[in-house]
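Remarks on the overall topology
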Amino acid sequence: MIKKLVRKYKAVGVVGILNAVYRQINPIKVKSYLLIKEIISKGKGLEVGGVSYVFSSKGAIPIYPYIKSLDNCNFADNTIWKEEINHNTKYNYDTAHEAGKQYILEATDLHEIESESYDFFLSSHMIEHTANPIKALKEWIRVVKVDGYLILLIPHKDGTFDHNRPTTSLEHLIHDYTYDVTEKDLTHMEEILKLHDLKLDLEAGSPEEFLERSRDNFTNRCFHHHVFTSMSVLKLIDYLKLKIKVIEAIVPNHILIVAQKLEANATCDNSDIFSYVTSKKFKSPFISDKVLSE
């Protein structure tokens, strides 16, 4: 514990440690909290990659206590985030509610789940770990009912160890989808090894340990294949023809998107959101977002 604290101090200093402690005691609630709370309180949801601290009673979006039914999907029965789960395991997202069903499935292939089974879908800092984000998102959209919602938290590169990396373009994501890139893809490994800021990723260990972990990414899924800003996330969700209701940029490293699934042939116009994000009204703590309004 002491060694971990010392490493943290060397990486972020006293101010960084104090900020982290403060966020634990007094987490920042998002502006759209009441809207999200209303969305999740009325139906059944599916989360990929939970349990997520940010959705807990002490998190920035404390919605678990108000969700009446929530299932979960994870890619394996033993991960660095959650150990010893299987299809018979119950998903205990909140002690006050009945546990949900646990699926062991790739995020890009939810074949065991029928289309339009859920009223909403949750994901926190997961899509960046997926080699094929568009394929994953299409599956997530498939299992959500028409007029249902996707509530997504995606890391903003400026607030993470990815801050030195170039933002992934929509064209690149479309290419990965077109050529059906799988989770065994290591295309980004050279870039990651060169530009990943290990000072901000203490759990990655030494450069040698980080290299070894990266080579075994299919097993551990620690890679951030792709890197996002608020605008790149906006373009991605718009490409998938979801009606964007909310976009927020939140310290320390979150992009929040709340988007609604429309009828198959419905017109989806997000021009108002694009205008908002490129205006001075969009208050982002991240430098790469601020240049859009200058």
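Keep in mind the model is a prediction, meaning the values are calculated, not measured.

Turning next to the pairing of strand E4 (residues 100–104). When a strand is regular, its side chains alternate between the sheet's two faces. Most of E4 is tucked away, with 4 of its 5 residues classed as buried. Alignment of strand E2 (residues 69–74) against E4, held across 3 bridges, turns out to be parallel. Its bridge partner lying in E4, asparagine 72 is registered against glutamine 102. Here strand E3 (residues 90–91) pairs with E4 via 2 bridges, running antiparallel. By the bridge assignment for E4, lysine 90 is matched with lysine 101.

Here leucine 105 shows up in the loop between E4 and strand E5 (118–124). C-alpha separation for the pair leucine 105 and aspartate 77, spaced 28 residues apart in sequence, amounts to 9.5 Å.

Turning our eyes to something else, we now look at the packing of helix H4 (residues 170–178) against helix H8 (residues 230–239). It is the contact of H4 with H8, at a shortest axis distance of 10 Å, that shows an interaxial angle of 45°. Considering the angle they form, H4 stands oblique to H8. Of the two possible hands of crossing, H4 and H8 adopt the one that is right-handed. Across the interface between the two elements, Leu170, Leu173 and Ile174 from H4 touch Lys235, Leu236 and Tyr239 from H8.

With that settled, consider the packing of aromatic side chains. Summed over the entire model, instances satisfying the criterion amount to 5 aromatic pairs. With a centroid separation of 5.5 Å and an interplanar angle of 75°, the aromatic rings of tyrosine 276 and phenylalanine 282 are classed as edge-to-face. Members of the aromatic cluster, each reached through a chain of ring pairs, are Phe55, Tyr64, Tyr91 and Tyr93. Against the face of tyrosine 103 rests lysine 101, its NZ or CZ located 5.0 Å from the ring centre. Against the face of phenylalanine 218 rests arginine 221, its NZ or CZ located 4.7 Å from the ring centre.

Turning our attention to the packing of helix H3 (residues 133–143) against H4. Orientation of H3 relative to H4, taken along the N-to-C sense of each, is 75°, at an axis distance of 7 Å. The angle between H3 and H4 places the two elements in the roughly perpendicular class. Counted together, Pro133, Ile134, Lys135 and Lys138 of H3 and Leu173, Ile174 and Tyr177 of H4 form the full contact between these two elements.

Taking burial as the measure, the 10 residues of H8 include 7 buried ones, the bulk of the element. Taken together, the buried positions of H8 are occupied by Ser230, Met231, Ser232, Val233, Leu234, Leu236 and Ile237. One or two residues past the end of H8 sits lysine 241, with phi positive at roughly 60°.

It is worth spelling out the confidence of the model for the chain at this point. For the chain, the average pLDDT comes to 89, and 89% of its residues sit at 70 or higher. In the predicted structure, residues 8–12 sits below a pLDDT of 50 and forms 10 contacts with residues beyond four places in sequence or in another chain.

About the cut-offs
Residues numbered from 1 in each chain as written. Predicted model: local features only at pLDDT ≥ 70, side-chain atom pairs only at ≥ 80, totals over all residues. Heavy atoms only, no water. Buried < 20%, exposed > 50% of the residue type's maximum accessible area, 1.4 Å probe, protein only. Helix = DSSP H or I, 4+ residues; strand = E, 2+ residues; numbered from the N terminus. Pairing = 2+ DSSP bridges. Axes fitted to C-alpha atoms, helices over the stretch in contact; angles between N-to-C directions. Parallel < 35°, antiparallel > 145°, perpendicular 65-115°, else oblique. Left-handed = near helix turned anticlockwise from the far one by under 90°. Contact = heavy atoms within 4.5 Å. Phe/Tyr/Trp six-rings, centres within 6.5 Å; stacked < 30°, edge-to-face > 60°. Lys NZ or Arg CZ within 6 Å of the ring centre and 35° of its normal. pLDDT = per-residue confidence, 0-100.

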